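# Structural description and commentary
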Amino acid sequence: MTTIETAPAPPIRPAQIMLVEDNHGDIILLREMLKSLKLANDLSVASDGAQALRMLRREEPYTDQPRPDLVLLDLNLPCIDGHEVLETVKKDPELCDLPVIVLSGSEALRDIEERIGVKADGYAVKPIDLDTLKKIVGSIAHFGL
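Predicted model only: the values in this text are computed from it and were never measured.

Moving on to the environment of Leu39. Tracing the backbone through its elements, the reader meets Leu39 in the loop between α1 (24-36) and β2 (41-46). When the C-alpha atoms of Leu39 and Pro14 are compared, they prove to be 7.8 Å apart, with 25 residues separating the residues in sequence.

In structure tokens:
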């Protein structure tokens, strides 16, 4: 009888999720919701648009920052707002392929259309419930991660 040896499966790495959010309550809520989904993930948080861009570009002091698999981006941010962050990311050849889901308190069709116009990969209205977050996190598979 011949025994066929198979290579061990590669370890599953946690999903790298970046949350760009300045509201501490929303950060805590999303962190807890992600834990409840039992998804292996590493969540990094940027509290304003300028910090988010430095983290994404791996500028000092974020040179060891892992590239996110998914960016959850609030629109109403200090320093550089989410609109400009999204536009900057989608125009940057090094970052343009990052999936970005826009989070906003606005349900206005105009806001949604503006996000699609600069190629957001999705849009969710805050406050986000657990079912919506499941769909967003499920989109990680859609993006081939």
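Structure's up, so let's keep going.
Think of a sheet as strands paired side by side through backbone hydrogen bonds, with each pair either parallel or antiparallel. The strand order across the open sheet formed by five strands is β2-β1-β3-β4-β5, and the pairing between neighbours is parallel. Lying at the two open borders of the sheet, with one neighbouring strand each, are β2 and β5 (122-125). Along the sheet, successive strands turn relative to each other by an average axial angle of 20 degrees, direction set aside. Pairing of strand β3 (residues 70-74) with strand β4 (residues 100-104), which is carried by four bridges, proceeds in the parallel orientation. In the strand pairing of β4, Asp74 is matched with Leu103. Against the sheet, helix α2 (residues 49-56) makes contact with β1 (15-20), β2 and β3, and its axis sits at roughly 135 degrees relative to β2, the strand it touches most.

With omega at 0 degrees, the peptide bond leading from Glu60 into Pro61 counts as cis. Mapped onto the secondary structure, Pro61 falls in the loop between α2 and β3. For Arg58, which is not a glycine, the phi torsion comes out positive at approximately 55 degrees. Phi angles above zero are rare outside glycine, and Cys79 is one such case at about 70 degrees. By the element assignment, Cys79 lies in the loop between β3 and α3 (82-91). For Cys79, a relative accessible area of 67% puts it in the exposed group.

This part covers the pattern of salt bridges. By the definition in use, this model includes four salt bridges. The closest approach of N and O atoms between Asp97 and Arg67, which form a salt bridge, is 2.4 Å. Taken as a pair, Asp97 in the loop between α3 and β4 and Arg67 in the loop between α2 and β3 lie far apart in primary sequence, 30 residues in all. Using a relative accessible area of 32% as the deciding quantity, one classes Arg67 as partly exposed.

On to α2, then. Of all eight residues that make up α2, seven are buried, and the element is covered over most of its length. Those residues of α2 that sit buried are Gly49, Ala50, Gln51, Ala52, Leu53, Met55 and Leu56. Where α2 is buried, its residues contact β1, β2, β3 and α3. The opening residue of α2, the one whose side-chain oxygen lies 3.0 Å from the backbone nitrogen of Ala50, is Asp48. Backbone geometry just after α2 places Arg58 at a positive phi near 55 degrees.

Conventions we followed
- Residues numbered from 1 in each chain as written.
- Predicted model: local features only at pLDDT ≥ 70, side-chain atom pairs only at ≥ 80, totals over all residues.
- Heavy atoms only, no water.
- Helix = DSSP H or I, 4+ residues; strand = E, 2+ residues; numbered from the N terminus.
- Pairing = 2+ DSSP bridges.
- Axes fitted to C-alpha atoms, helices over the stretch in contact; angles between N-to-C directions.
- Contact = heavy atoms within 4.5 Å.
- Buried < 20%, exposed > 50% of the residue type's maximum accessible area, 1.4 Å probe, protein only.
- Salt bridge = Lys/Arg side-chain N within 4 Å of Asp/Glu carboxyl O.
- Polar contact = N/O pair within 3.5 Å; in protein donor to acceptor, adjacent residues only side chain to side chain.

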